[in-house]
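Here is what each chain is made of, one letter per residue.
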Amino acid sequence: MKVLVIGSGGREHAICQAVAKSSRVDEIICAPGNAGIATMQVEGKKISCEPIGAMEFDKLVAFAKANSVDFTIVGMDDPLVGGIVDAFEAEGLKVFGPRKNAAILEGSKAFSKDLMKKYGIPTAAYENFDDPEKALAYLETAKMPIVLKADGLALGKGVLICNTLEEAKAGVKEIMEDKKFGDAGNHMVIEEFMTGREVSVLSFVDGKSIQIMSSAQDHKRAGDGDTGLNTGGMGTFSPSPFYTAEVDAFCKEHIYQKTVDAMAAEGREFKGVIFFGLMLTEDGPKVLEYNARFGDPEAQVVLPRMKNDIIDVMEACVDGKLDSLKLEFEDNAAVCVVLASEGYPVSYQKGFAITGFEKFDNENFFCFHAGTALNEAGEIVTNGGRVLGVTAKGADLVSARAKAYEATEWIDFANKYMRHDIGKAIDEA
Ligand code: AMP
Ligand code: GLY
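Residues numbered from 1 in each chain as written. Chains lettered and ligands numbered in written order. Predicted model: local features only at pLDDT ≥ 70, side-chain atom pairs only at ≥ 80, totals over all residues. Heavy atoms only, no water.

(A) Quick look at the packing of helix 7 (residues 109-119) against helix 10 (residues 245-265). Running from N to C, helix 7 and helix 10 cross one another at 105°; their axes reach a closest spacing of 10 Å. Looking at the two axes, helix 7 sits roughly perpendicular to helix 10. Taken together, the residues of helix 10 that come into contact with helix 7 (itself represented by Phe111, Leu115 and Tyr119) are Lys258, Ala262, Met263 and Ala265. Residues that form the contact of helix 7 with helix 10 fall into these classes: 6 nonpolar, no polar and 1 charged. (Axes fitted to C-alpha atoms, helices over the stretch in contact; angles between N-to-C directions. Helix = DSSP H or I, 4+ residues; strand = E, 2+ residues; numbered from the N terminus. Parallel < 35°, antiparallel > 145°, perpendicular 65-115°, else oblique. Contact = heavy atoms within 4.5 Å. Nonpolar A, V, L, I, M, F, W, Y, C, P; charged D, E, K, R; others polar.)

Structure, rendered in structure tokens:
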């Protein structure tokens, strides 16, 4: 079977790695992919990258048809929200991911908040605004801190947590008037500030039923001790020790299936991955946000622990037959430490040669590429803010973390930067 994976980050590298484990697959093509995917070597598999952008739907569809691709997996949010699944389906191609009318679950925060309110799914109290004057008037009597969210996709950066009325007013201006996040800020959600631990729960959904994957936790801030700017994610661990049986039972009753049913009731049947960003508050778990795809870097710690053949699971989602199988995860743990370019997420240099890939065995140690490229000399060089996701599995979280940090020492490049406290929360569990 020939599989096309769409995207270019660490998440897509982890997806390709999982697909390469499927005995049903003999060829994987990733568009546009990255240097790590292009240099993957798995016995019996042909793996390559195709330089077509994730938003070039016509070219991707034409490529899939011309090359008899059997199954396409979309990793990234932008093409999903833009309707890539509809474009593939219109040509009779089999594709994993939500259609445009369902990917709105991630594409519009106002939509997802209204959905949760309508169907009684626990989330922070909020108001939607499309007029900055009304937003400013609302803030006058609102309790601080408060959270402002640009409605649309903003590379994970469209959320402002404001401690004072002045900050909040400036935030409304940034989002709605200065359009700091572009058209994503045409509408805005203002919501109650919540406190608690965050947990990421990824799930497979077939339109009607849902099965959750092992939990994970992300570290969004750039610096140790959760300081500095928000990033795409500086590291993850899985499972989360805070995702207890009690939390699981609550979410199964009040959040997961309810979300799937709500989407179906709205005529927006969801097939693909729903990522539940949860906050465990004093009043119980609440939904912070939904994403319509695997998390990055959550995929890097969850997929290496999945026992099922990923193609079986994804095909079951597309065919509406997820009930016919049971998701299984290894009884162990994984930790991913992101190696970034010093200066990320603001400004950084790139083009530095990277060494030290030899020891990663893709069994217990993985080096997922995010921002890398092959230069003319055929060397792998840094090509982005988040460069690599160094991941290790261990019998438990403590040993996985020790191994992941050990493996970060194997890799060398000129402006290598990482957080040193990924998984510190493990010690508090
Ligand atoms: P989101 O993109 O909605 O996940 O927001 C990004 C981050 O902002 C989350 O991971 C939280 O850390 C934080 N955040 C979002 N909404 C809230 C909220 N209502 N209260 C507190 N923190 C929040
Ligand atoms: N790691 C958070 C995300 O993928 O949105």
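(B) Quick peek at empty space enclosed by the protein. Under the definition given, this model contains 2 cavities of 30 Å³ or more. Approximately 50 Å³ is the volume found for the largest cavity. Forming the walls of the largest cavity are Gly10, Asp296, Pro297, Gln300, Cys336, Val338, Phe368, Ala370, Arg386, Leu388 and Gly389. Considering each element in turn, the lining of the largest cavity owes the most residues, 3 residues, to strand 22 (residues 386-394). (1 Å grid on protein atoms, 1.4 Å probe; cavity = no way out; pocket = protein on both sides within 12 Å on 5 of 7 lines; lining within 4 Å. Points joined across faces, edges and corners; volume = space filled by probe spheres on them.)

(C) Quick peek at the sheet that holds strand 10 (residues 197-206). Reading across the sheet, the 4 strands line up as 11-10-16-17 and stay open at both edges, with antiparallel pairing between neighbours. The open sheet has two free edges, formed respectively by strand 11 (210-212) and strand 17 (284-291), since each of these has just one partner strand. In this sheet, adjacent strand axes meet at a mean angle of 35° when their direction is disregarded. Two strands pair when backbone bridges link them, and strand 10 and strand 16 (residues 271-281) are joined in this way by 10 bridges, in the antiparallel orientation. (Pairing = 2+ DSSP bridges.)

(D) Here's a closer look at unusual backbone geometry. Here the amide bond leading from Ser238 into Pro239 is cis, since omega sits at -5°, within 30 degrees of zero. Along the chain, Pro239 falls in the loop between strand 15 (235-238) and helix 10. Non-glycine residue Ser68 carries a positive phi angle of around 50°. Within the secondary structure, Ser68 is located in the loop between helix 3 (57-66) and strand 4 (71-74). Its identity as a non-glycine residue notwithstanding, Asn362 has a phi of 60°, on the positive side. Take Asn362: it is sitting in the loop between strand 18 (333-341) and strand 19 (365-369).

(E) Up close: the sheet that holds strand 8 (residues 159-162). In space, the 4 strands of this open sheet follow the order 6-9-7-8, with antiparallel pairing throughout. Among the strands making up the open sheet, the edge pair consists of strand 6 (126-129) and strand 8. Each neighbouring strand pair of the sheet contributes to a mean axis angle of 20°, computed without reference to strand direction. Sheet topology places strand 7 (residues 146-150) next to strand 9 (residues 188-192); 5 bridges connect them, and they run antiparallel. In the strand pairing of strand 9, Lys149 is matched with Val189. Strand contacts of helix 7: strand 6, strand 7, strand 8 and strand 9, with the helix running at about 140° to strand 6, the strand carrying the most contacts. Relative to strand 7, helix 9 (residues 165-177) is tilted by about 5°, and along the sheet it contacts strand 6, strand 7, strand 8 and strand 9.

(F) Here's a closer look at the site of ligand 2. As a matter of local geometry, ligand 2 sits amid Asp218, Gly232, Phe275, Asn291, Arg293, Gly295, Asp296, Pro297 and Glu298. Across the complex, the protein chains shield 89% of the 200 Å² of accessible surface that ligand 2 would expose by itself. (Near = heavy atom within 4 Å. Areas by Shrake-Rupley, 256 points an atom, 1.4 Å probe, with all protein chains shown as cover.)

(G) Representation of the pairing of strand 15. Burial along strand 15 is two-sided: Gly235 and Phe237 and Thr236 and Ser238, pointing in opposite directions, are all buried. Pairing of strand 12 (residues 217-218) with strand 15, which is carried by 2 bridges, proceeds in the antiparallel orientation. Across the sheet, the residue bridging to Asp218 is Thr236, located in strand 15. (Buried < 20%, exposed > 50% of the residue type's maximum accessible area, 1.4 Å probe, protein only.)

(H) How the structure looks around the environment of Tyr256. Examined against the element boundaries, Tyr256 turns out to sit in helix 10. Distance from Tyr256 to Ser209, taken between C-alpha atoms, is 9.4 Å for residues 47 residues apart in sequence. When sequence neighbours within four positions are dropped, the list of residues in contact with Tyr256 reads Val201, Ile210, Ile212, Tyr243, Asp248, Cys251, Phe276 and Leu278.

(I) The arrangement of the pairing of strand 1 (residues 2-7) in detail. Summarising burial for strand 1: 5 of the 6 residues are buried, a large majority. Note that strand 1 and strand 2 (residues 27-32) share 6 bridges and pair parallel. The residue of strand 2 that forms the bridge with Ile6 is Ala31.

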